[in-house]
Every structure is written in C-alpha cells, then in structure tokens.
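Architecture at a glance
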Amino acid sequence: MTTTTYTVTGMTCGHCVSSVREEVGEVPGVTGVDVDLATGLVTVRSESPIDAAQITAAVQEAGYEVVTPS
Ligand SMILES: [Cu+2]
C-alpha cells in the first residue's frame, strides 16, 4: 500500500472535488482518493507506486493543475 499526496490548484467547490476524485480514481492501480478542498491536498492510495505523471495527467483531465508532486 502506497500513499502519495499532491497539491492541486483551481478547485473551488464540491463539484471540483468530485471531478478530481473521479478522474484520479480512474488511473490504473489507484485504490482510493481523498481530496481536501480547503488545502488543495489530494491523497492517492495505491497498491504500488504510480508514476506522478499519470496522476498529473488525470488532474489536468479534470481541469486542474498539480503544483507539487510531493
Ligand atoms: Cu467547483
């Protein structure tokens, strides 16, 4: 089990949160996604490490930007 946290900008409401959660949740290997609207923190859980580029692409697909993969 791996947990990685990303900071995402541009989310303003619950709809944004569910868009990000849905897109990131579709990345192969992702088992769970937590989004904190107030901080922009997106926590991704997976069985094995996932390439940050895949998560970044999914966030962009939802219409937002990853500031710092951390
Ligand atoms: Cu919104």
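Cut-offs used in this document
Residue positions are counted from 1 within each chain, in the order its sequence is given. Selection of residues for local features in this predicted model requires a pLDDT of at least 70, selection of side-chain atom pairs for listing and counting requires 80 or more, and totals for whole chains, interfaces and linings are taken over all residues. As a rule here, side-chain values come from all non-hydrogen atoms in the structure, and water together with hydrogens is ignored. Residues enter a nonpolar core if they are buried and are Ala, Val, Leu, Ile, Met, Phe, Trp, Tyr or Cys, with the set joined through side-chain atoms within 4.5 Å. Type-normalised accessible area, obtained with a 1.4 Å probe on protein chains alone, sets the label of each residue: buried when under 20%, exposed when over 50%, and partly exposed for intermediate values. Runs of E in the DSSP output that reach at least two residues are strands. Runs of H or I that reach at least four are helices, and both are numbered from the N terminus. Only heavy atoms enter the contact rule, under which two residues are in contact if any of them lie within 4.5 Å. Metal donors: N, O and S atoms at distances within 2.8 Å, or within 3.2 Å for Na, K and Ca, with water omitted from the atom set so that some sites may seem incomplete. UniProt positions are given in the numbering used here, feature names are shortened, and annotations may be inferred rather than shown by experiment. Directions drawn from the helix axis to the C-beta atoms are what define this arc. A side-chain nitrogen of Lys or Arg and a carboxyl oxygen of Asp or Glu constitute a salt bridge if their distance falls within 4 Å.

The name recorded for the chain in an unreviewed UniProt entry is Heavy-metal-associated domain-containing protein, from Streptosporangium amethystogenes subsp. fukuiense.

So, about the nonpolar core. By size, the foremost hydrophobic cluster in this structure holds 20 residues, and its most contacted members are Met11, Val20, Val24, Val42, Ile55 and Tyr64. For this core, the secondary structure elements donating two or more residues are strand 1 (2-9), helix 1 (14-25), strand 2 (30-36), strand 3 (41-46) and helix 2 (52-62). The residues contacting methionine 11, other than those within four sequence positions of it, are Cys16, Val17, Val20, Val35, Asp36, Leu37, Gly40, Val42 and Tyr64.

Those donors, Cys13 (SG) and Cys16 (SG), are the protein atoms that reach the copper ion, and they lie 2.0 Å from it. Residue classification places cysteine 13 among the partly exposed positions, given a relative accessible area of 32%. Take cysteine 16: its relative accessible area is 6%, and that puts it in the buried class.

On to the UniProt feature "domain: HMA" (unreviewed entry) in the chain. UniProt's entry tags residues 2-67 with the feature "domain: HMA" (unreviewed entry), counted in the numbering of this structure. Taken end to end, residues 2-67 is 35% helix and 36% strand, and its two terminal C-alpha atoms sit 20 Å from one another.

With that out of the way, let us pick up helix 2. Every buried residue of helix 2 is listed here: Ile55, Thr56, Ala58, Val59 and Ala62. On an axial view of helix 2, the arc spanned by its buried residues comes to 160°, and they lie on one face. In helix 2, those exposed residues whose orientation departs by more than 90 degrees from the buried face are Ala53 and Glu61. Backbone geometry just after helix 2 places glycine 63 at a positive phi near 105°.

Applying the stated criterion across every chain, the model contains one salt bridge. The partner of arginine 45 in a salt bridge is aspartate 34, and the shortest N-O contact between them spans 2.8 Å. With arginine 45 in strand 3 and aspartate 34 in strand 2, this residue pair connects regions lying 11 residues apart in the sequence.

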